[in-house]
Amino acid sequence: MKVLVTGGMGYIGSHTCVQMIEAGITPVIIDNLSNAKSEVLQRIEAITGTKPVFHYGDVRDEAFLDSIFTQHDIQAVIHFAGLKAVGESVEKPLEYFDNNVNGSLVLTRSMRKAGVKSIVFSSSATVYGDPKIVPITEDSPTGATTNPYGRSKYMVEQCLSDLFTAENDWSITLLRYFNPVGAHPSGTMGEDPQGIPNNLMPFIAQVAVGRRDQLSVFGDDYNTPDGTGVRDYIHVMDLADGHIAALKSVGEKSGLHIYNLGTGKGTSVLEMVSAFADASQKAVPYQICPRRAGDIAECWADTQKAQQDLNWQATRTVTEMTADTWRWQSNNPQGY
């Protein structure tokens, strides 16, 4: 089975490609390398013994996409390509809508021309906004998003839902991620953000390895046990396995399939700092800063639907998340 993987050189995409190859699925990667490195291809090959097909290009380039579908017998698409920093999206909303929403429209248009009607979309728990009740189920209200990044994901979900209403022979799967962290257990692949990290775990790792002086903790006055934000952190390898489970379980069934991918447990920022200090045996100095625009107090998943329909659940612990991240960061202090 050949699957087009947009953004397949990025953090989640690259780990998913490793797991796809191990599962006997052939990824065809496209990426514009705006937030990824070409070295990733060699790392995937070193782990799996297989060098995936890679085409450099942008998901908004329809002629480029058409050529990919002409060259390869693609049966499904996993769509990762997108900008993903909450803070940056507040500063650059037009870029986020162009890349994330327009890119998805161009992709699905090209898919339709090629007769490929199975897509797994990399969505986000941000579509739930600031939830009134946790844990969050797939039936929880969506749309009250708190930042342009979240709105772009919600817009794409709406576009894909409307597409299914109009053309119900599609298989459209919306995977709402919670907070991906961790790295491949080999220590050779992990999260390598360009510039200042926007997510907690790579920032902690860069402090522990000496690249940054201290962690900024945005807010300690939330209504949570220790006052810091609580999130559902999921190991990237569990997340990767969730995509394969979705491809195999519902990727060939027409329908609009929606799943939360998380652990069903919340961990606070300070709990994660403590776990990382234990894993790395390094101090992680931090300072408390004002809350960040668009952030919410707590968010974690109800994962029963994915367990029932996809026969998938996250199995890796916070201890494994922090240990694997530290192995990656300490082996690759400057990233790729």
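The rules behind each value
- Residues numbered from 1 in each chain as written.
- Predicted model: local features only at pLDDT ≥ 70, side-chain atom pairs only at ≥ 80, totals over all residues.
- Heavy atoms only, no water.
- UniProt positions renumbered as here; feature names shortened; annotations may be inferred.
- Helix = DSSP H or I, 4+ residues; strand = E, 2+ residues; numbered from the N terminus.
- Buried < 20%, exposed > 50% of the residue type's maximum accessible area, 1.4 Å probe, protein only.
- Pairing = 2+ DSSP bridges.
- Right-handed = clockwise from strand over helix to strand, strands pointing away.
- Expected span 1.5 Å × (residues − 1).
- Salt bridge = Lys/Arg side-chain N within 4 Å of Asp/Glu carboxyl O.

Observations concerning the UniProt feature "domain: NAD(P)-binding" (unreviewed entry) in the chain
- Mapped onto this numbering, the UniProt entry gives "domain: NAD(P)-binding" (unreviewed entry) at residues 4-324.
- Span residues 4-324 is 40% helix and 18% strand, its end C-alpha atoms 27 Å apart.

Side note on the pairing of strand β2 (residues 26-31)
- The element β2 is extensively covered by neighbouring structure, given that five of its six residues are classed as buried.
- Two elements, strand β1 (residues 2-6) and β2, share five bridges in a ladder whose sense is parallel. If you follow Val3 over to β2, its bridge partner there is Pro27.
- For the segment spanning β2, helix α2 (residues 39-48) and strand β3 (residues 53-56), crossover handedness is right-handed.

A few points about helix α8 (residues 236-250)
- Between its terminal C-alpha atoms α8 stretches 21 Å, which fits the 21 Å expected from 15 residues at 1.5 Å a residue.
- Among the 15 residues that make up α8, 12 are buried, leaving the element largely enclosed by the rest of the structure.
- Where α8 is concerned, the buried positions are Val236, Met237, Asp238, Leu239, Ala240, Gly242, His243, Ile244, Ala245, Ala246, Leu247 and Val250.

Some thoughts on unusual backbone geometry
- For the bond from Val134 to Pro135, the omega torsion is 0 degrees, close enough to zero to count as cis.
- Mapping Pro135 onto the fold places it in the loop between β5 (118-124) and α6 (148-166).
- Its identity is not glycine, yet Leu33 carries a phi of approximately 60 degrees, on the positive side.
- For Leu33, the location among the structural elements is in the loop between β2 and α2.
- One non-glycine residue, Asn311, adopts positive backbone phi at about 55 degrees.

Here's the deal with the pattern of salt bridges
- Overall, the coordinates contain 18 salt bridges when judged by the stated rule.
- Measuring nitrogen to oxygen at the nearest pair gives 3.9 Å for the salt bridge that ties Lys84 to Glu191. One end of the pair, Lys84, is in the loop between β4 (76-79) and α4 (86-91); the other, Glu191, is in the loop between β7 (179-181) and α7 (200-208), and 107 residues separate them in sequence.
- Residue classification places Glu191 among the buried residues on the basis of a relative accessible area of 12%.
- We note a salt bridge from Glu157 to Arg176, for which the minimum N-O separation is 2.7 Å. Remark: Arg176 occurs in strand β6 (residues 171-177) and Glu157 occurs in helix α6; sequence separation between them is 19 residues.

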